[in-house]
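Structure assessment
Okay, here's what each chain looks like letter by letter:
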Amino acid sequence: MLDIAVLYAPRLMAGFKVELVEEEQLVLVRKAGLPADGGEPDYVHVDWGPQFAGQGGFAEPALQVGFGPLALHYILRAGGMGYFRRKTLEPHLASGALERVEGAPEFTYPAYAVYPESAAGRRAVQDALAGLKKVAR
């Protein structure tokens, strides 16, 4: 039995509560140290779901990936640029491996907890929700 699911684009369904856990930002980064006159690096499109589809503003990505950590690993190794969750990027930005693309738009990427309405009053569910929100900060 599953008490709580964390989803990025939940469907509203009868009998379930949907509660915001965290609002993450998707920011555009590129591998650091690329020559300034070399043009823009290849864009790696990560499938962040239907709410992000078509948002990057890049006509034809060099690569499409369905799993953010895989795309990030690729960019760190091979170069390129792409949108990723800000918290995931912090160590790579601090180390100088990646740099933000100045002037690029940012996008909100919220995470939600979904659980049965019948479980809303249970202490374990309330504790789990509080823990999720604390960890997300």
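In this report, the structure presented in the accompanying data block is examined. All values derive from a computational prediction rather than experimental measurement.

**Regarding the overall build of the chain**
In terms of regular secondary structure, the chain is built from 3 helices and 7 strands. Beginning at the N terminus, the succession of helices and strands in the chain can be written as β-β-β-β-α-β-α-β-β-α. Its C-alpha atoms put the chain at 60 × 30 × 25 Å along the principal axes. In the chain, buried positions account for 32% of the 137 residues. At a minimum sequence separation of 6, the contacts of the chain that also span at least 24 residues come to 73%. For the chain, the exposed area adds up to about 8,400 Å²; of that, 54% sits on carbon and sulfur atoms. Charge separation in the chain, taken as the distance between the mean sites of 14 positive and 16 negative side-chain charges, equals 9 Å.

**Overview of the nonpolar core**
Counting 21 residues, the largest nonpolar core has Leu26, Trp48, Phe52, Tyr83, Phe84 and Leu89 as its most contacted members. By residue number, the principal contributor to this core is strand E2 (residues 16–31), which donates 4 residues. Contact partners of Phe52, with chain neighbours within four places excluded, come to Leu26, Tyr43, His45, Val46, Tyr83 and Phe107. Counting 9 residues, the second largest nonpolar core, distinct from the first, contains Ile4, Ala119, Val125 and Ala136.

**Section: the side chain of Glu22**
With respect to the element layout, Glu22 can be found in strand E2. With relative accessibility at 17%, the residue Glu22 sits in the buried group. Within the structure, the side chain of Glu22 is placed 2.8 Å from the side chain of Lys87, a separation counted as a polar contact.

**Observations regarding the pattern of salt bridges**
The tally for this structure, following the rule as stated, stands at 8 salt bridges. One salt bridge in this structure joins Asp3 and Arg122, with 3.3 Å as the shortest N-O distance. Within this pair, whereas Asp3 is found in the segment before strand E1 (5–7), its partner Arg122 is found in the loop between strand E7 (107–116) and helix H3 (123–136), the two being separated by 119 residues in sequence. The salt bridge involving Lys87 is made with Glu22; its shortest N-O contact spans 2.8 Å.

The rules behind the values
- Residues numbered from 1 in each chain as written.
- Predicted model: local features only at pLDDT ≥ 70, side-chain atom pairs only at ≥ 80, totals over all residues.
- Heavy atoms only, no water.
- Helix = DSSP H or I, 4+ residues; strand = E, 2+ residues; numbered from the N terminus.
- Buried < 20%, exposed > 50% of the residue type's maximum accessible area, 1.4 Å probe, protein only.
- Contact = heavy atoms within 4.5 Å.
- Areas by Shrake-Rupley, 256 points an atom, 1.4 Å probe, with all protein chains shown as cover.
- Lys, Arg positive; Asp, Glu negative; His and termini not counted.
- Charge placed at Lys NZ, Arg CZ, Asp CG, Glu CD.
- Core = buried A, V, L, I, M, F, W, Y, C linked by side-chain atoms within 4.5 Å.
- Polar contact = N/O pair within 3.5 Å; in protein donor to acceptor, adjacent residues only side chain to side chain.
- Salt bridge = Lys/Arg side-chain N within 4 Å of Asp/Glu carboxyl O.

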